[in-house]
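Chains, contacts and geometry: an overview
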Amino acid sequence: MNRKKNTLFWNVAFFAVIIGIGFFIYKASLKINYTWNWRAVPSYLVYKAQHEIDSPANGVVEKFKDGKLYLKSNKGKVIHIKIEHPVLKVGAVVDAGDELGYNTSYEPGPLLEGLYMTIKVSIVSIIIALIIGLITGLMRISENPLFKNLSTVYIELVRGTPLLVQIFIVYFFIGTLFNMTRFIAGAFALAVFEGAYIAEIIRAGIQSIPKGQTEASLALGMNYFQIMRYIIIPQAFKRVLPALAGQFISLIKDSSLLSIISLTELTKAGREVVASSFSPFEIWFTVAALYFVVTYGLSLLDRYLERRLAGDE
Amino acid sequence: MNDNSDYIIVAEQVNKTYPNGVKALRDVSLGVKKGEVVVIIGASGSGKTTFLRTINQLETIDSGRIIVEGVDITDPKTNLTKIRADIGMVFQHFNVFPHLTVLENVMLAQILVRKRKKEDAKRVAIEFLTKVGIADKKDEYPTNLSGGQKQRVAIARALAMHPKIMLFDEATSALDPEMVGGILDIMKQLAKEGKTMIVVTHEMGFAREAADRIIYMDSGKIIEMGTPEEIFDHPKTDRLKQFLSQIL
């Protein structure tokens, strides 16, 4: 009972601190000479687009009915066209190509387009990184010196150089050699980088599985591939899931560096919007929030998977 | 020792030294006949477990030969997976697969190694789970089982491969005392059914009752070999006498 009261107090304290910090930031922001303009932000996420509708033929506007415009062409044919906002009146004479009116639709703004690109490049990267990580992780614990040394060199080189430099090398050197697009070069550079970390995570996970599991499998006549596929990796995967999720979250955040090779992902989109809107504070806060939505979503997915997989152990 | 078709396992002059310099096996030679139950006894570190593990090559050897069913398994060119499938092994620490249910534990190698159809593997699995008295737990995960129950699963898993030889590596050493009897009963039952078995154990009662032949090992060597009466009632060497006086 007492204990319960105590946690309630500290929970209230937590919210008080958060509100306090928010208030402090708000107060501080009033001191600088900056005009906040949050109203402009939504239009960079989603905007209402107008599509002009042109007349397909020469003729006369006959009538409007059920949101449609009926055009009687000079050849005597009646054509009906869906138009939400007509600009002409009944009886107007039009030539082919004249504007009849326009329709509107909601389209993703530059920030949402950027977010979409961030997610797309991250997913492609995660898949490649997992494959690289799995193979090099297995090579790393292999007894064959060729595999072992190759994977060690790869992991040490990648972990010992900055991602930004790697992105430049992949884009300008390898990308030029193999004629890669920005997207492919970017996804590949990220995957090569994160793959080295994933390899170490997978290596640690595999080595954490007791030797008896391999021995029992060998004694049953299973081969190396079967043991890895059916015994070791399923158990190791469960153990490294939190670390893997952390690495995926890093990858999503690191994808912001791809803006440097002009891949229009979320950060690049943010920079472009800032340049045209002159609202850097609002835009960068929005960009941060968009990243957070994605990474926190992944974090929740990880927690859900961990709980589901926990059932058998 | 000549290749003799009577022998299902032949070990010739087997030597092994661990990387830390410990000589685990010194000139161990042994022939096991089909249907024979051989029990290996000896103190900890005597090499009995190491020797058992060389028979399915979980442990490599430095020199000598081991021939199982006429195939030299110590030859690097031998396809071990095929031979191993014919040699069932039960471990001290069970080594059941924690991510699979009891039924899946027993089915997996049948499907992957014996290439049995799923329904056949399931039928065989339930047959052997019933035999070891744990069919009612078939949908449980191993974490919900006691040590004795896990060991029953491990035995069923090995038997379901229809092995020609069964190796038991201190199968009851990690069990609570009240679980030991049940596992030993299963092993005695298998011995009665004429399964070829090599058993490393500290259970002298089991050795006396079930063994056709007992081997006493010390510091990597076979010191004495004989029927249970010869070993327990008329030990010849001082070392065996001393060992028996310590444990009985």
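Residues numbered from 1 in each chain as written. Chains lettered and ligands numbered in written order. Predicted model: local features only at pLDDT ≥ 70, side-chain atom pairs only at ≥ 80, totals over all residues. Heavy atoms only, no water.

**Brief notes about the overall build of chain B**
- Across its full length, chain B carries nine helices and ten strands.
- Radius of gyration (C-alpha) of chain B: 18 Å, near the 18 Å computed for a compact globule of 248 residues.
- Expressed as lengths along the three principal axes of its C-alpha atoms, the size of chain B is roughly 50 × 45 × 35 Å.
- Across chain B, the fraction of contacts at a sequence separation of at least 24, relative to all contacts at a separation of at least 6, is 65%.
- Considering chain B, the positive charge centre built from 34 side chains and the negative charge centre built from 33 side chains are found 4 Å apart. (Helix = DSSP H or I, 4+ residues; strand = E, 2+ residues; numbered from the N terminus. Rg over C-alpha atoms; globule rule 2.2 N^0.38 Å. Contact = heavy atoms within 4.5 Å. Lys, Arg positive; Asp, Glu negative; His and termini not counted. Charge placed at Lys NZ, Arg CZ, Asp CG, Glu CD.)

**Comments concerning the interface of chain B and chain A**
- With 24 residues of chain B in contact, the opposing surface of chain A contributes 18 residues.
- Taken together, both faces of the contact between chain B and chain A bury some 1900 Å²; the carbon and sulfur share is 66%.
- Interface area lost by chain B to chain A is led by B:Phe97, B:His99 and B:Leu112, which between them contribute 29%.
- The closest approach of N and O atoms between A:Glu215 and B:Arg53, which form a salt bridge, is 2.7 Å.
- At the surface where chain B touches chain A, the tally comes to six residue pairs in polar contact (both at pLDDT 80 or more).
- Every element with two or more residues in the side of chain B that touches chain A is listed here: helix H2 (80-85), strand E6 (87-90), helix H3 (102-112) and helix H5 (147-159) of chain B.
- Of the residues that constitute the side of chain B that touches chain A, the class distribution is 15 nonpolar, five polar and four charged. (Buried area = accessible area lost by both parts, 1.4 Å probe. Salt bridge = Lys/Arg side-chain N within 4 Å of Asp/Glu carboxyl O. Polar contact = N/O pair within 3.5 Å; in protein donor to acceptor, adjacent residues only side chain to side chain. Nonpolar A, V, L, I, M, F, W, Y, C, P; charged D, E, K, R; others polar.)

**Quick look at the environment of B:Arg208**
Residues and elements named next belong to chain B.
- Along the chain, the position of arginine 208 falls in helix H7 (residues 204-210).
- The class of arginine 208 is partly exposed, set by a relative accessible area of 40%.
- Residues contacting arginine 208, with those up to four places away along its chain left out, are Pro228, Phe232 and Asp233.
- A polar atom in the side chain of arginine 208 sits 3.2 Å from the side chain of aspartate 233. (Buried < 20%, exposed > 50% of the residue type's maximum accessible area, 1.4 Å probe, protein only.)

**Quick look at the domain arrangement of chain A**
- Each assigned domain of chain A is listed here: domain 1 (42-108) and domain 2 (113-312).
- On a C-alpha basis, the centroid separation for the pair domain 1 of chain A and domain 2 of chain A is 50 Å. (Domains from an automatic or database assignment.)

**Observations regarding the pattern of salt bridges**
Residue and element names in this part refer to chain A.
- Counting across every chain of the model gives 21 salt bridges over all chains.
- Note that glutamate 200 and arginine 140 form a salt bridge whose closest N and O atoms lie 2.9 Å from each other. Taken as a pair, glutamate 200 in helix H6 (residues 182-207) and arginine 140 in helix H3 (residues 110-140) lie far apart in primary sequence, 60 residues in all.

**Side note on the layout of surface pockets**
- Approximately 910 Å³ is the volume attributed to the largest pocket.
- Listed by contribution, the elements that provide at least two residues to the lining of the largest pocket are H3, H6, helix H7 (211-219) and helix H8 (224-254) of chain A together with H2 of chain B.
- A breakdown of the residues in the lining of the largest pocket according to their chemical character gives 14 nonpolar, six polar and five charged.
- What the second largest pocket holds in volume is close to 200 Å³.
- Forming the boundary of the second largest pocket are A:Leu157, A:Val158, A:Thr161, A:Val165, A:Gln166, A:Ile169, A:Val170, A:Ile174, A:Phe188 and A:Val192.
- Elements with a minimum of two residues in the lining of the second largest pocket: helix H4 (145-159), helix H5 (163-177) and H6 of chain A.
- Of the residues forming the lining of the second largest pocket, the biggest block, five residues, is contributed by H5(A).
- Here the lining of the second largest pocket is built from residues that sort into eight nonpolar, two polar and no charged. (1 Å grid on protein atoms, 1.4 Å probe; cavity = no way out; pocket = protein on both sides within 12 Å on 5 of 7 lines; lining within 4 Å. Points joined across faces, edges and corners; volume = space filled by probe spheres on them.)

**Description of the confidence of the model for chain B**
- For chain B, the mean per-residue pLDDT works out to 93, and 98% of the residues sit at or above 70.
- Mean pLDDT in chain B bottoms out at helix H9 (residues 238-247) of chain B, which sits at 92, and peaks at H3(B), which reaches 97. (pLDDT = per-residue confidence, 0-100.)

**Brief notes about the sheet that holds strand E3 (residues 37-41) of chain B**
Residue and element names in this part refer to chain B.
- With mixed pairing, six strands are arranged side by side in an open sheet as E6-E7-E8-E3-E9-E10. Each edge of the sheet is formed by a strand with only one pairing partner; in this case those strands are E6 and strand E10 (221-226). When the angles between neighbouring strand axes are averaged without regard to direction, this sheet yields 15°.
- Pairing analysis gives five bridges linking strand E9 (residues 213-218) to E10, with the strands arranged antiparallel. Across the sheet, the residue bridging to isoleucine 214 is glycine 226, located in E10. (Pairing = 2+ DSSP bridges. Axes fitted to C-alpha atoms, helices over the stretch in contact; angles between N-to-C directions.)

**Structural notes on the nonpolar core**
- By size, the foremost hydrophobic cluster in this structure holds 81 residues, and its most contacted members are A:Met222, B:Phe51, B:Leu167 and B:Ile198.
- The greatest single-element share of this core, amounting to 14 residues, is contributed by H6(A).
- Among all residues touching A:Met222, those that are not within four sequence positions of it are A:Ser217, A:Ile227, A:Ile231, B:Thr81, B:Leu108, B:Ala109, B:Leu112 and B:Val113.
- Of all hydrophobic cores here, the second largest spans 50 residues; its members include B:Val106, B:Ala156, B:Met166 and B:Leu184. (Core = buried A, V, L, I, M, F, W, Y, C linked by side-chain atoms within 4.5 Å.)

**Topic: the pairing of strand E4 (residues 78-82) of chain A**
Residue and element names in this part refer to chain A.
- In terms of strand pairing, strand E3 (residues 68-73) meets E4 through five bridges, oriented antiparallel. Within E4, the residue paired with tyrosine 70 across the bridge is histidine 80.
- What sits between E3 and E4 in their antiparallel hairpin is a turn of four residues, with glycine 76 showing a positive phi close to 95°.

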